[in-house]
Amino acid sequence: MKVKLWGTRGSIPAPGPETIRYGGNTSCVGVTLSDGSLLALDAGSGIRSLGLDLGPEPTRLHVLLTHLHLDHILGLAFFAPVFRPQTEIVIWGPASPDASLRDRIARYISAPLSPVEVRELPCDVSFRSAPDSEWEIGPARIRCASVSHRGPTLGYRIDDGDSSLTYIPDHEPGLGADLDRLEDDWISGFALARGTSLLIHDGQYTDAEYPDHIGWGHSPLRDSLAFARRTGAERTILFHHDPMHSDDFLDRFGVEAKERWAALGGDPAAIELAAERAEYELPVRAPRAAAPA
Amino acid sequence: MTQRPLELILARNLMSALSTPAFLVDEGGILVFYNEAAGMMLGKRFEELGKVGADEWGSLFGPFDESGKPIPYDDLPLVTAVRSGRPAHAEYEIHSSDGASHAVEVSAFPILTAHGSQGGIAIFWPAGTNGNGAQPA
């Protein structure tokens, strides 16, 4: 399984000279499964670059949306494959009693916000509410679960062979709770991330910033580290950078994350900040990096 | 291992911050949490109690009707709420751990989600108060 980060920013694209190294595009992760099947996790502005990178292929791909906040879907109408008649795209996302996934996405891909309508997209596109039970895409088993964020939001786990990727980009598991005191099954997202090979997790705020953002749906570093430690993730990538965080700021933040991870007993090499275009390969049998006890 | 439904997790987190006694049951009627205020009322913290079956937790605090007769489990507001999918309200007496009787009002409501009922919440108020524990003027 190959993983490439195409958009690591949260909330709103933040291009500019201050965000060149970690990137200014919003959430999108490209995943190539062991049989070559392609997934896009979220469709923030980063999916535009993914679409350009794919070239005229493939003819079939899946887009797994965690939720429908604009920073996670705004790239859909600029994703080159949707304008190719030969392409089949399946878009998965959270169910809602309000309206179908298609209708909710069409609120964005429609006038006056968009020059095109969903029904006009040349590709063969279908919309599916992510099921409660595990399902398969190619050789991978996909699971999702509702996680603590604002509005219906999913986290995903993709198991391909012995490797697994868990993607929870918008997550506030410590809202109203001390993660160190909760039992495992009372921690939002725990079952998805337990023992995963690679965890891509919300890391939007510093601990000092968090008190002004409680309930906004994102984690302070304290909780990101606690979640990674509790779940025993082999490797963790802190994702969904705040648009106000410059490269220099994130450099310092990354150093702090490694130091605090080491203080918890973990391997500093097993945690890092997400950087746009970073690539990861998860072997069939991933070696276990040391995680804090 | 499976995760508790998110709605229960969020309900527990909210209840943890409340100063009114509150109880949380899952879709099967199992008592899965009560907060510190409820623990003070019962004289035992939830962490000390452990898992309590559907037909057992009612006896933690009585309850009793106005004539002093025990109220059957099936008639408790929380049970009614979870089973019917509708809110329920009742007034009755409970016995705290020191044996004292307290008149309380209980409001219970089901936690209904896109996946069906996930359980319910019951919140207790001392009878005749404004909800802050103070007697009405």
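In case you missed it, the structure is sitting above this.
These remarks concern the structure in this document.

Rules and cut-offs
- Counting from 1, residues in each chain are numbered in the order their sequence is written.
- Throughout, the order in which chains and ligands are written sets their labels, letters from A for the former and numbers from 1 for the latter.
- Residues qualify for local features only when their pLDDT is at least 70, as the model is predicted, and side-chain atom pairs are given and counted only at 80 or more; totals for whole chains, interfaces and linings, by contrast, use all residues.
- Side-chain numbers come from the whole structure's heavy atoms, not from hydrogens or water.
- In this description, contact between two residues means that some pair of their heavy atoms is separated by no more than 4.5 Å.
- Buried area, as used here, totals the accessible surface that two parts lose on assembly, with accessibility defined by a 1.4 Å probe and the loss added over both.
- Here, a salt bridge means any Lys or Arg side-chain nitrogen found within 4 Å of an Asp or Glu carboxyl oxygen.
- Any N or O atom pair separated by 3.5 Å or less is treated as a polar contact, with the protein-specific requirement of one donor-capable and one acceptor-capable atom, and with residues adjacent in sequence counted only for side-chain atom pairs.
- Note on residue categories: nonpolar means Ala, Val, Leu, Ile, Met, Phe, Trp, Tyr, Cys or Pro, charged means Asp, Glu, Lys or Arg, and polar means any other residue, Gly included.
- Note on exposure labels: buried denotes an accessible area under 20% of the residue type's maximum, exposed denotes more than 50%, and partly exposed covers the range between, all computed with a 1.4 Å probe on protein chains only.
- The helix count covers DSSP runs of H or I at least four residues long, the strand count covers runs of E at least two residues long, and both are numbered beginning at the N terminus.
- We place a 1 Å grid over just the protein atoms. Points where a 1.4 Å probe fits but has no way out form a cavity, open points with protein on both sides within 12 Å along at least 5 of 7 lines form a pocket, and any residue with an atom within 4 Å of a point lines it.
- Grid points are joined across faces, edges and corners, and a volume is the space filled by probe spheres set on the points.

**Let's talk about the interface of chain A and chain B**
Listed by partner, the interface residues are 18 residues for chain A and 14 residues for chain B. Taking both sides of the interface into account, the surface hidden between chain A and chain B amounts to around 1500 Å²; carbon and sulfur atoms contribute 56%. Remark: the boundary between chain A and chain B carries two salt bridges. Two residues, Asp185(A) and Arg4(B), come together in a salt bridge whose shortest N-O distance is 3.0 Å. For the pair chain A and chain B, the number of links is five residue pairs in polar contact (both at pLDDT 80 or more). Of the residues in the side of chain A that touches chain B, the class split is eight nonpolar, five polar and five charged.

**Here's the deal with the pattern of salt bridges**
Applying the stated rule across the entire model yields 18 salt bridges over all chains. Among the salt bridges present, the one from Arg157(A) reaches Asp159(A), with a minimum N-O distance of 2.9 Å. In this structure, Arg157(A) and Asp159(A) share a single accessibility class: buried. Note that Arg45(B) is salt-bridged to Glu47(B), the shortest N-O span being 3.3 Å. Residue class for Arg45(B) comes out partly exposed when judged on its relative accessible area of 47%. Via salt bridges that share partners, Arg21(A), Asp248(A) and Asp251(A) belong to a single interconnected network.

**Let's talk about the side chain of Lys4(A)**
Residues and elements named next belong to chain A. Assignment of secondary structure puts Lys4 in strand β1 (residues 2-7). A relative accessible area of 19% means that Lys4 is categorised as buried. In this structure, Lys4 is in contact with Cys28, Val29, Gly30, Arg277, Ala278 and Glu279, ignoring residues within four places of it in sequence.

**A few points about the layout of surface pockets**
In this structure, the largest pocket occupies an estimated 850 Å³ of space. In terms of lining residues, the largest pocket is bounded by 33 residues, among which Asp132(A), Cys144(A), Ala145(A), Ser146(A) and His115(B) are the most central. The greatest single-element share of the lining of the largest pocket, amounting to four residues, is contributed by strand β8 (residues 140-146) of chain A. When its volume is computed, the second largest pocket comes out at roughly 440 Å³. The wall of the second largest pocket is formed by 17 residues, among which Arg181(A), Ser16(B), Phe33(B), Glu36(B) and Glu47(B) lie closest to the centre. Of all the elements in the fold, those that place two or more residues in the lining of the second largest pocket are α1 (6-16), β2 (31-34), α2 (36-42) and α3 (46-49) of chain B.

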